[in-house]
Structures are given as C-alpha cells and as structure tokens.
Amino acid sequence: MDLGCTPEEEDFRARLRRWLGEVLPRLPVPPAATDWPGRRAYDTAWQRMLYDAGYAGLHWPRDAGGQGATPAQHLIFLEETERAGAPYVGANFVGLLHAGPTLAAEGTAEQRARWLPPILRGEEIWCQGFSEPDAGSDLAALRTRAVRDGDTYVVNGAKIWTSHAEVADWCELLVRTDPDAPRHRGISWLAMPMDAPGVTVRPLRTLAGSAEFAEVFLDDVRVPVANRVGAENDGWRVTMVTLSFERGTAFVGEVVACRRVLGELARAARANGRWDDAVLRRRLGRLSAEFTALWRLTQWNVSEAMRGPARGGRPGGGVPGTGGSVFKLRYSHARQELYDTAAEVLGAGALDADHTWVADRLSSLSYTIAAGTSQIQQNIVAERILGLPKGR
C-alpha cells in the first residue's frame, strides 16, 4: 500500500483547505450540546454547505449521488476538516455513516433515489433502531415483531439506545418477520418513518448529560413493505453490512480528532509542569504510536473496502470487511486510555464539568459497548479472522 499522496491528491487537499478557510469563519456559534433541535438545524445546514460545494458523500459511488472520490481523497477530507475544526456530522451521523451506505450497497434503485439525495443534502435525519431492552449485546435476540398485512408490516415492540431518535425523520429498524425461523434468519431491515402513528420517543440522558439516545416504543406501527431493504427474513445479512460500516469507517474522523487531542495534551503537560513526569511522557508516546497505527489501519480498511466485491451489480461496493472489528476493538480501548491520560494531565481540572475533555472522557466509556461490545469484537476476530472454533 502506497501511503504517499499523488500530485492530484495534494491539489485536492489544497483546494479543500482554501474552501474551509473561506467558509468556517462565517459559521454561526454552535448550539448547546443539550439543544438537539438546534444541533439538528446546525448540522443539517453544514451538510447542505458540503453538498453545494461538492463534498457531500465524497466517497459514495456516483450512482448513489456521491462524488466517487478515491479512498485517499476521502481520508484527506477527514484529516483536513478535523484539523480545521469543521463541524462533525453530528445529527447526520446515522444517515451518512450507517443507513446511507447500507442503502447504497443493498437498496433498490427506487429506494436509493428516494432516500440518498435527502441524506446528502441534509434534509432528512436517520436514527438507528437495533438494540432492545432485553437483548443486550445479543442483537439476534431482538423481539420486535413485524406482521405482514397486505402491502404493509404491522410493527410492535420497543427499542433502546436509539441514536438521534428525538430529531429523526427515519429509522433503520430491525424487526422479526418470522418468529419460527432460526433467530438469525427471521429478521428484516425496514426504513420506518418516525412520524408514523404509534411511534413514541422517550429521550435518555447519558452520564455526560446529553440526550442523543432514546427509547422508542412501537404500537401497531404500519410500515410499507416497499420500505424493506433486502429480502424478507434476510435482514441479518443486511445488518452485517450496516455494522461493517459502523465498525469499519464510521469512527475514521474520530481517529484524526484523537491525534489532535494528543498533541493538545502534550502542550498542556509542558505548560503545567507535568511533562517532567517520565512515566507520563512514555504514556503519551505510546498513545501517539497507537493512534498512528490506527490511522494506517484505517487507510488499509478503507482501501480494502473500495476494492471489495460488487454490490447489486455495482463494482467497488465500499463495504468494510472484518478488519473493521480489529480497528473498532483497539480504537475503543485506545480512546479510553487517551482520556484517562487527559485526566492525569489536567489534574484537579479533570473535575471541571465545563472542560471539553471531561465530557469526552465520560463519552469514551461507552465506546467499548457502542457498535458491538469489545467481547463481541473479540469473538469476530477470533472466529472470522483467526479461524478459531466458536466458543461454547
């Protein structure tokens, strides 16, 4: 793998830097972290700016509304937007990084035409309805039922940790359509409108004080059969496509952010005298090597995904492989170590609830659970990469 940049890629970087330098100073002040309607408006406005400038869905296939950019250009975009302090995808997270790529890879032409353009323009927000109160990390244990009634499914059940449900227009929803089939074979993937009758959303407040998750209760909710992505009862396979994006590429921008934070930590340690601690310096050095290695793994994963098998007759499906689990497993723990180290550098300042790093440290605790627990990732690595027998 050639890790250098071509002259064309450096030209792309220069043009992107100029554009960011022009537009970022004109952005309004971001809303409070707890103001989700305000954050939705802010995040979707930024997404529209990206769309108008030709940077939305940069690495998506052209026939999915994207720019068909190379993996290198995609990574340059992530590097430069993070370094410039550009807004993150925010409320657009599920649509841009999970549902959208899944629809691009698995959806029909009609489904892609209906849902992908509004995602890219920032007009519609998606949430993720996978986890359930009684299933824990065992996603295949979901019990939300969808019963076919003519051209619709009648859905009943409950979801939890539903990302951005309180501001979402659509939900990527997993339902059980055949209760008698083996549990991995009776599941379907639906696109559910969040304004459908029978949908109740109750926000959940996290340890960090935000409410980007919610409980969602579904009572006789009708979802058109046309909103099913993939064949009936083939939802587990489609879900693995979604999770491969979530684990393989959705955290890519955050690796760049962690490398920036690491540099800020080193400067803060020099300023407050903690740099004299040799143990702390070694820890910072090891973390620097860790995140450099994760960035190289990211480059490899993205490149491999773009060279992957065709999806729906389209070459270069862009679906990450099991290497995403290796990345997600190590990144989750490295992020926690980074913010543990930040607490050492801050000292008493680590108790200041207004410090950005404090909120990030609390948030980091969830990363070994989100997108599949570390134990689940270890099983995937052991069984699908190392070829070890399944545990009993």
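Here, the structure is the one placed above.
Our subject in this report is the structure included herewith. Keep in mind that what you see is a predicted model, and the values were worked out from it rather than measured.

Attention shifts here to unusual backbone geometry. Phi at His 164 takes a positive value of approximately 65 degrees, unusual for a residue other than glycine. Among the secondary structure elements, His 164 is positioned in the loop between strand 3 (152-159) and strand 4 (170-176). Since its relative accessible area comes to 7%, His 164 is described here as buried. Unlike most non-glycine residues, Asn 233 shows phi in positive territory, near 75 degrees. Along the chain, Asn 233 falls in the loop between strand 8 (228-229) and helix 6 (235-248). Judged by relative accessible area, which is 23%, Asn 233 ranks as partly exposed.

Moving on, we come to helix 1 (residues 7-23). For helix 1, which comprises 17 residues, the first-to-last C-alpha distance of 25 Å matches the rise-based estimate of 24 Å (1.5 Å per residue) to within 8%. In this structure, the buried side of helix 1 is in contact with helix 2 (36-53) and helix 3 (71-83).

With their axes 10 Å apart at the nearest point, helix 1 and helix 3 run at an angle of 30 degrees to one another. In this view, helix 1 runs roughly parallel relative to helix 3, as classed from their interaxial angle. Crossing angle aside, the handedness with which helix 1 passes helix 3 is right-handed. Residues Glu 9, Phe 12, Arg 13, Leu 16, Arg 17 and Leu 20 of helix 1 touch helix 3, and the partners they reach there are Ala 72, Gln 73, Ile 76, Phe 77, Glu 79, Glu 80, Thr 81 and Arg 83.

Pairing of strand 3 with strand 7 (residues 213-224), which is carried by seven bridges, proceeds in the antiparallel orientation. If you follow Ala 158 over to strand 7, its bridge partner there is Phe 217. For strand 6 (residues 199-204) and strand 7, the ladder comprises six bridges, and the chain directions are antiparallel. Within the sheet, the bridge partner assigned to Val 201 lies in strand 7 and is Val 216.

Conventions used here
- Residues numbered from 1 in each chain as written.
- Predicted model: local features only at pLDDT ≥ 70, side-chain atom pairs only at ≥ 80, totals over all residues.
- Heavy atoms only, no water.
- Helix = DSSP H or I, 4+ residues; strand = E, 2+ residues; numbered from the N terminus.
- Buried < 20%, exposed > 50% of the residue type's maximum accessible area, 1.4 Å probe, protein only.
- Expected span 1.5 Å × (residues − 1).
- Contact = heavy atoms within 4.5 Å.
- Axes fitted to C-alpha atoms, helices over the stretch in contact; angles between N-to-C directions.
- Parallel < 35°, antiparallel > 145°, perpendicular 65-115°, else oblique.
- Left-handed = near helix turned anticlockwise from the far one by under 90°.
- Pairing = 2+ DSSP bridges.

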